[in-house]
Amino acid sequence: MKAVFLDGIVLGLQMGLLGVGLTLIYGLGGVLNLSHGQFAVLGAIVMARVLQHGASLWMAVPLGLLAAAAVAVLSDLTIMQPVYRLRGEARVLLGLLLMLGVGTIIDGYLEWKYPIEALNIRISGDPISIIGVPMRVGSLVASAIALAAGAALFVFLRYTTFGRATRSIIEDEEGARLCGINPALVRTLIFGLSGALAGLVAVSRAMTSPVISTAGVELTILALIVAVVGGLGSVSGAFVAGVLLGIVNTVSAFYIGTYITTIVLLAAAALTIVFRPAGILGRRA
Amino acid sequence: MAESAAMGSQSASGAATPHSPAAADPEALLRVESLSSGYLGEDVVLDVNLTVAAGEAVAVIGSNGAGKTTLLKTICGLIPTTAGETRFGSRRLTGLGAHRVARLGVAFVPAERHLFNTMSVEENLALGAYPHRPDPETLDSVFELFPRLGERRGQHAGTMSGGEQQMLAVGRALMSRPRLLILDEPTTGLAPVLASEAYATLGRLRGEGLTVLVAEQHVPLALSLADRAYVLDHGRVDLEGSSAELADNPEVRRAYLGIS
């Protein structure tokens, strides 16, 4: 049981990081980025290709993150521009449809070009015992990456001027503009950051199980569930939701079966919307 | 015809009288020329001319729905201009986004305040200073003006009283060290005592040399602060002149001061 729980936390940290990227974009622009998982996979495949050319991880990872961030920024600057001119429901709908399209294109391209490509990062070392459970080094490094990214994001949002500006737009865009903050610029940069975070999820995940080129849709659905349970727009909520759902996922997979986990997670999201529409922490940012 | 012209902007115009030389000043800090704007293709503000000289306090008065808010929001770049233009010093504001207008030194305090409710007083103030480097002197001067904000610097804006939120909104605007402070109905939702206090504070800022443009329904308060005022009616400037002239104007007395 302890081992299942710990595995849940390992998975949960990755899911939290995945949800954070989605929730940031939603908070800033009202856009549900339904290609978030595909950004992650794109980064993973770039890393896998670079590694195959004999480069080191230190070379491959930054290039992969950069690729994911670049596609995200490009989406924001091109296909998302008409979306930002709309308001309310129309913006949300057009945004999610167009990003669904971007995701489908990335999926199609990767499946066509790299059907059997996968990112697999092996960290060597003997298992380390955590509260009596031997944990693989890969799992620990993966968790450390997710935790460090989460902490860095927290510090960025809370203590830096640009991070504060980001939160201010999530909270009140008109107020932010009156303070001299340019929402369009912040949105573009945060879109890029979100892409890089997606790439980082791929790195973290590849340390525990291979990230295959067709994993995009599954990751997007996970990100959506986590972001909804955390309360769309809430960064801390997404992280907490990720960890909780990771545990739920592993526990239900262990006791009921893997086939049921997606249903359980979707049910968690549905119940959240019914009973805590503002997310598990019940507040924004 | 002659009568209506007499009641129009000509007769009480500050520009035409020696009472307020500022209005005739071609070097006005803010110059609004033949401005029209509105929502969804329908203009609410029609052909408005308005100037504010450096160091001056100017009020825009008029009843609810006269177009005061739309006028101020257009000046600040929150609502697009449909005709005419706005200049600030030598810069053209028309066509700039609200964030760029703010960066040029025009601070706007909207009636709805638009504070960042889940952030602390300090974070709200820090965001007010976004275009500059953090500036402890300005922060100290805001805390000196509003000691209440200093006492509550860690409190979330959303949990404060209406009066405190108004102080924070003004404080946040001052953090940008503006050359022009524009306020829309600063007394919205405030009890009469707090409304008078708010105007006392504006009077103090004015005394320190800050240029102020304020839209206000509460006409006696507005005229007590302002050197000059414009009366807006159905989106047009109906009357303009020095505050003393307007306070004596029978139409203003009847319509806005409740004196017959």
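As a reminder, the structure under discussion sits directly above these lines.
The structure reproduced in this document is the subject of the present report. All figures in this text were calculated on a predicted structure; none of them were measured in a lab.

**Quick notes on helix α1 (residues 2-29) of chain A**
Residues and elements named next belong to chain A. The end-to-end C-alpha separation of α1 is 40 Å, in line with the 40 Å expected for 28 residues at 1.5 Å each. Where burial is concerned, most of α1 is hidden: 23 out of the 28 residues are buried. Residue Gly30 follows α1 closely and has a positive phi angle near 70 degrees.

**A look at the interface of chain A and chain B**
At the interface, 19 residues of chain A touch 23 residues of chain B. Both faces considered, chain A and chain B share a buried interface measuring about 1,900 Å² in area, 60% of it formed by carbon and sulfur atoms. On the chain A side of the contact with chain B, Glu171, Leu178 and Cys179 of chain A bury the most area, a combined 32% of that side's loss. The interface formed by chain A and chain B includes 3 salt bridges. Across the salt bridge formed by Glu123 of chain B and Arg164 of chain A, the nearest N and O atoms sit 3.7 Å from each other. Taken together, the links from chain A to chain B amount to 7 residue pairs in polar contact (both at pLDDT 80 or more). Listing elements by their share of the side of chain A that touches chain B, those giving two or more residues are α7 (161-171) and α8 (173-178) of chain A.

**A short note on the pattern of salt bridges**
Residue and element names in this part refer to chain B. What the rule picks out here adds up to 19 salt bridges over all chains. Here Arg31 and Glu33 are joined by a salt bridge, their closest N and O atoms 3.7 Å apart. Note on Glu33: relative accessible area 30%, which makes it partly exposed. Of the charged contacts in the structure, one is a salt bridge between Glu85 and Arg92, with a shortest N-O distance of 2.4 Å. Connected through salt bridges with shared partners, the residues Arg148, Glu151, Arg152 and Glu164 form a single ionic network.

**Overview of the sheet that holds strand β3 (residues 57-61) of chain B**
Residue and element names in this part refer to chain B. An order of β6-β7-β8-β3-β9-β10 is seen for the 6 strands of this open sheet, with the pairing classed as mixed. Whereas interior strands pair on both sides, the edge strands pair on one side only; in this sheet they are β6 (106-109) and β10 (236-242). Going across the sheet, the axis of each strand differs from the next one's by a mean of 15 degrees, ignoring polarity. Contacts between helix α8 (residues 162-174) and the sheet are confined to β6 and β7 (180-184), with β6 contributing the most and set at about 170 degrees to the helix.

**Let's talk about the side chain of Ser75 of chain A**
Residue and element names in this part refer to chain A. When you line up the elements, Ser75 lands in helix α3 (residues 57-77). Classification of Ser75 by relative accessible area gives buried; the value is 5%. Every residue in contact with Ser75, bar those within four places of it in the chain, is listed here: Phe39, Met80, Met99 and Val102.

**Considering the environment of Leu93 of chain A**
Residue and element names in this part refer to chain A. Following the sequence through the fold, Leu93 ends up in helix α5 (residues 88-113). The exposure class of Leu93 is partly exposed, given its relative accessible area of 45%. Considering only alpha carbons, one finds Leu93 and Leu110, 17 residues apart in sequence, at a separation of 26 Å.

**Some remarks on the packing of helix α6 (residues 137-159) of chain A against helix α9 (residues 183-206) of chain A**
All names here are of chain A. Interhelical geometry of α6 versus α9 gives an angle of 160 degrees and a closest axis separation of 9 Å. Our classification of the angle between α6 and α9 gives roughly antiparallel. Note on packing geometry: the crossing formed by α6 with α9 is left-handed. Side by side, α6 and α9 meet where Ala142, Ile145, Ala149, Leu153 and Phe156 of the first sit next to Ile190, Leu193, Leu197, Leu200, Val203 and Ser204 of the second. Across the contact of α6 with α9, the residue classes tally to 10 nonpolar, 1 polar and no charged.

**So, the sheet that holds strand β5 (residues 91-92) of chain B**
Picture the strands of a sheet paired through backbone hydrogen bonds; they go either parallel or antiparallel. Residues and elements named next belong to chain B. Spatial strand order, β2-β1-β4-β5: 4 strands in an open sheet with antiparallel pairing. A strand with exactly one partner marks an edge of an open sheet, and here the two such strands are β2 (42-52) and β5. As paired elements, strand β4 (residues 81-88) and β5 share 2 bridges and run antiparallel to each other. Each bridged residue has a counterpart across the sheet, and for Phe88 the counterpart in β5 is Arg91. Strands in contact with helix α3 (residues 68-75) are β1 (30-39), β2 and β4; relative to β1, the strand with the most contacts, it is inclined by about 115 degrees.

What counts and how
Residues numbered from 1 in each chain as written. Chains lettered and ligands numbered in written order. Predicted model: local features only at pLDDT ≥ 70, side-chain atom pairs only at ≥ 80, totals over all residues. Heavy atoms only, no water. Helix = DSSP H or I, 4+ residues; strand = E, 2+ residues; numbered from the N terminus. Expected span 1.5 Å × (residues − 1). Buried < 20%, exposed > 50% of the residue type's maximum accessible area, 1.4 Å probe, protein only. Contact = heavy atoms within 4.5 Å. Buried area = accessible area lost by both parts, 1.4 Å probe. Salt bridge = Lys/Arg side-chain N within 4 Å of Asp/Glu carboxyl O. Polar contact = N/O pair within 3.5 Å; in protein donor to acceptor, adjacent residues only side chain to side chain. Pairing = 2+ DSSP bridges. Axes fitted to C-alpha atoms, helices over the stretch in contact; angles between N-to-C directions. Parallel < 35°, antiparallel > 145°, perpendicular 65-115°, else oblique. Left-handed = near helix turned anticlockwise from the far one by under 90°. Nonpolar A, V, L, I, M, F, W, Y, C, P; charged D, E, K, R; others polar.

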